[in-house]
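Residues per chain, in single letters:
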Amino acid sequence: MKLGMIGLGKMGANMAERLRRHGHEVIGMDPAKPDADAHSVSELVPLLAADGQPKVAWSMVPAGPITDSVIIELGALLEPGDLVIDGGNSNYLDSIRRGEELAAKGIGFLDCGTSGGVWGLENGYALMVGGTPESVAIAQPLFDALSPAKGFAHAGPVGAGHYVKMVHNGIEYGLMHAYAEGYAILAASPLGIDVEAAIGSWQEGSVVRSWLLDLLIKALAETPNLDGIASVAADSGEGRWTVTEAVANGVAAPVISAALFARFTSQQREDDMAMKVISALRNQFGGHAIEMVTPKGEVH
């Protein structure tokens, strides 16, 4: 079938290529890519006409205002019966709103949580979809091409796809941090442990084996001892949303919360005032020593 892929970055370009390999006709749109088939939504939409099927536009642009702009433009140009798919990491509340706005115009909408990263071209993508059964049926050939066996789920109504992807990414935070802490403990051991060999032994047979572990081994091979990598980890939003939903629904999520807060700590490159407060309080109630920083930045 024919579709338009909006956003030809690392994810969108690979998804377009995988769809083409499965026989689908993909019209790529990206204003920053000179070789794209279209460079604006208004240029793209007329190219999506196909006999016997509605126009289908799949957005793979950053969450937030850019996605809003794309979907508003599509809503103004598409016709009743056409379909919009948002495969970015949008907040599920935004997806519900966008779905309602398009539904008022008779245009279908699917929010498609998409996982697979740069490896999805060859391995396939995990797809978590929210929307009506009718809209899912239109796009099912695309989902079949993109996802591996058992990699697709129609999770529920509009909003459900991005909700599931949000929780997926929250879990990812926790898993990554557990591996990171394990690495740090091994590296700090006085026994002179060969950390890369030790972690490598977990790849086969271990209960903690996983694709994330494989990627850690790959990272260590490319950058031994992680030399030169800054100790700062950004958070892209989904972890925050997951913790917010846990609080809103009274669900304890200490692992995901701790992993998120650890990323916040890593981003505080200047003095961390909160930790100064904690240090002062520990000294007050327990007599614990306070480490002081000299004007030269030395700790004593």
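Please refer to the structure higher up on the page.
Residues numbered from 1 in each chain as written. Predicted model: local features only at pLDDT ≥ 70, side-chain atom pairs only at ≥ 80, totals over all residues. Heavy atoms only, no water.

Quick notes on the side chain of Asp-30
Looking at where Asp-30 falls in the secondary structure, it is placed in the loop between β2 (25-29) and α2 (41-44). Despite its burial, Asp-30 pairs with no opposite charge; the closest candidate is Lys-33, at 5.4 Å N-O. There is a polar contact of 2.8 Å between the side chain of Asp-30 and the backbone nitrogen of Ala-32. (Helix = DSSP H or I, 4+ residues; strand = E, 2+ residues; numbered from the N terminus. Buried < 20%, exposed > 50% of the residue type's maximum accessible area, 1.4 Å probe, protein only. Lys, Arg positive; Asp, Glu negative; His and termini not counted. Salt bridge = Lys/Arg side-chain N within 4 Å of Asp/Glu carboxyl O. Polar contact = N/O pair within 3.5 Å; in protein donor to acceptor, adjacent residues only side chain to side chain.)

Thoughts on helix α10 (residues 238-248)
Of all the positions in α10, only Glu-238, Gly-239, Thr-242, Val-243, Glu-245 and Ala-246 are classed as buried. For α10, the angular spread of the buried residues around the axis is 160°, confining them to a single face. Turned more than 90 degrees away from the buried face of α10 sit Val-247 and Ala-248, all of them exposed. In this fold, the buried residues of α10 make contact with α4 (92-103), α7 (160-188) and α11 (254-267). (Arc of directions from axis to C-beta. Contact = heavy atoms within 4.5 Å.)

Focus on the sheet that holds β2
Across the sheet, seven strands lie side by side as β2-β1-β3-β4-β5-β6-β7; this open sheet has mixed pairing. One side of each edge strand has no neighbouring strand; the edge strands of this open sheet are β2 and β7 (152-156). If you compare each strand with its neighbour and ignore which way they point, the axes differ by 25° on average. As paired elements, strand β3 (residues 56-59) and strand β4 (residues 83-86) share four bridges and run parallel to each other. If you follow Ala-57 over to β4, its bridge partner there is Val-84. (Pairing = 2+ DSSP bridges. Axes fitted to C-alpha atoms, helices over the stretch in contact; angles between N-to-C directions.)

Observations regarding unusual backbone geometry
Phi at Lys-150 is positive, roughly 65°, even though this residue is not glycine. Along the chain, the position of Lys-150 falls in the loop between α6 (133-146) and β7. The residue Asn-225 is not glycine, and still its phi comes out positive at about 60°. Position of Asn-225 relative to the elements: it lies in the loop between α9 (211-222) and α10.

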